[in-house]
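Coordinates in review
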Amino acid sequence: LEAAERNMMFMFGWYASPVFFGEYPAAMRENCGHRLPTFNESESKLLKGSIDFLGLNHYGSHYAMAATKAAVAEQVKQNPNAQGWEADMDVETTYFRNGQPIGKVGDSPWLYAAPWGFYKLLRWVNKTYAPETVIVTENGVDVPGESDVPLEKALEDTFRRDFYRDYIGAMRRAVQEGVPVKGYTAWSFLDNFEWADGYSKRFGLFYVDYAHNLTRHAKASAQWFRAFMAGNETTPAPHHIPSPPPSVPTKSQPSERQHHPAHVGSAATTTPAGDSNANGGAGGSWIYLMVGSVGVVCAVVTMAAICIYCKGRSAYNPIP
């Protein structure tokens, strides 16, 4: 659990702790030493409490554990001069536990969908930083093989439909338990240019036909969202909360240390949260469906980004 918390602080707290507490996380200060910049008293005072809300991008989850000697040796082999963020964090990550994946993998190999990981992440953020407002600025998934099938098949994106149903359900459960989520943004409204992946990955609720005048077609997930916003669909809570992972990844599966650069501005790790009874339900009036524009969980790590909006120093203008 110590490694899990350290992973969270290196991947999430690096950005969040300065604007909430006026300093970098203790784990970073301890592991990085003099190589980590420090804030003077006036800088710390300026940073502390300087945000309007915490914006969070989230996609999938992975496990985290203390790095093994073998993992460290492999890292040094790949980069003999390895002294930096990953080496200082001293954490190994994997998508597998006892040979089983943490969730269903999307088209992107870094995206393993685990709704309960999202639930844990939101609870950890609330417990650690107690933000006044959380806005989920991105959440979504690319369907395996969607770009390689006929249009009619691509529109039957039940994989994405179920992802949104279960992730919004996980978020709803967190809200019921006191996490102040005030808005939610699906990534994405349309298929679009996905950074390094170009047009090869599709995250949209609407299919864009790149070969035929960019014609747009509503997918099954878009139809579900319309019904959900009308109060005609339920969002069940996560069906299980898993136990902590083993101290080392299973030998049958490789560790995962690289994160997708397109969606991960930061990531973090949470310790297991206790289970509680929470029923699903529609109740979607507080959720806003819009196009995302702006990145975990361990025990469980979720790939996410943290967007810090600073008072008086951003383009964010609250609506009266």
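Bear in mind that the values here come from a model prediction, so they are computed numbers and not experimental data. (Residues numbered from 1 in each chain as written. Predicted model: local features only at pLDDT ≥ 70, side-chain atom pairs only at ≥ 80, totals over all residues. Heavy atoms only, no water.)

Side note on the nonpolar core
One recurring pattern in soluble globular proteins: nonpolar side chains tend to sit buried together. Rules: Remark: nonpolar core denotes a set of buried residues (Ala, Val, Leu, Ile, Met, Phe, Trp, Tyr, Cys) joined through side-chain atoms within 4.5 Å. Think of it in three bands: residues with accessible area under 20% of the maximum for their type are buried, residues over 50% are exposed, and the middle band is partly exposed, with areas taken using a 1.4 Å probe on protein chains only. Strands here mean DSSP runs of E at least two residues long; helices mean DSSP runs of H or I at least four residues long; both are numbered from the N terminus.
Formed by 60 residues in total, the largest nonpolar core has its most connected members in Phe12, Leu122, Tyr164, Met171, Tyr184 and Phe225. In terms of residue count, helix 1 (residues 2–21) provides more of this core than any other element does, nine residues in total.

Overview of helix 6 (residues 115–129)
Formally: Expected span of a helix, by definition, is 1.5 Å for each gap between consecutive residues, and there is one gap fewer than residues.
Across its 15 residues, helix 6 extends 21 Å between first and last C-alpha, which sits within 8% of the 21 Å expected from 1.5 Å per residue. Buried residues dominate helix 6, accounting for 11 of its 15 residues. Trailing helix 6 by a residue or two, Ala130 shows a phi angle of about 45 degrees, which is positive.

Some remarks on the confidence of the model for the chain
Inclusion rule: You can read pLDDT as the predictor saying how much it trusts each residue, on a scale of 0 to 100. Residue contacts follow a heavy-atom distance rule, with two residues in contact if any of their heavy atoms lie within 4.5 Å.
Residue-level pLDDT values for the chain average 79, and 72% of them are 70 or greater. A low-confidence stretch, residues 244–304 stays under pLDDT 50, and its non-local contacts, those more than four residues away or across chains, total 244 contacts. Here residues 308–320 scores under 50 on pLDDT; set against residues more than four positions off or in separate chains, the count is 23 contacts.

Considerations on the pairing of strand 1 (residues 51–66)
Quick reminder of the rule: A pair of strands is labelled paired if DSSP reports no fewer than 2 bridges between them.
Most of strand 1 sits out of view: 14 of its 16 residues are buried. Sheet topology note: the strand 1/strand 7 (residues 134–139) ladder contains five bridges and is parallel. Its bridge partner lying in strand 7, Leu54 is registered against Val134. Taken together, the four bridges between strand 1 and strand 2 (residues 91–94) define a ladder with antiparallel strand orientation. By the bridge assignment for strand 2, Met65 is matched with Glu92.

A few points about the pattern of salt bridges
Heads up, the rule is: A side-chain nitrogen of Lys or Arg and a carboxyl oxygen of Asp or Glu constitute a salt bridge if their distance falls within 4 Å.
For the structure on display, the rule yields 14 salt bridges. Glu146 is paired through a salt bridge with Arg160; the nearest N and O atoms lie 3.0 Å apart. Here Glu146, found in the loop between strand 7 and helix 7 (151–154), pairs with Arg160, found in helix 8 (residues 158–176); they are 14 residues apart in sequence, far enough to count as distant. Taking the relative accessible area as the measure of exposure, Glu146 reaches 3% and is therefore buried. Residue Arg173 pairs with Glu177 through a salt bridge whose shortest N-O separation is 3.4 Å. Judged by relative accessible area, which is 3%, Arg173 ranks as buried. Accessibility expressed as a relative area gives 29% for Glu177, which makes it partly exposed. Salt bridges linked by common partners bring Glu146, Asp157, Arg160, Asp191, Arg202 and Lys219 together as one network.

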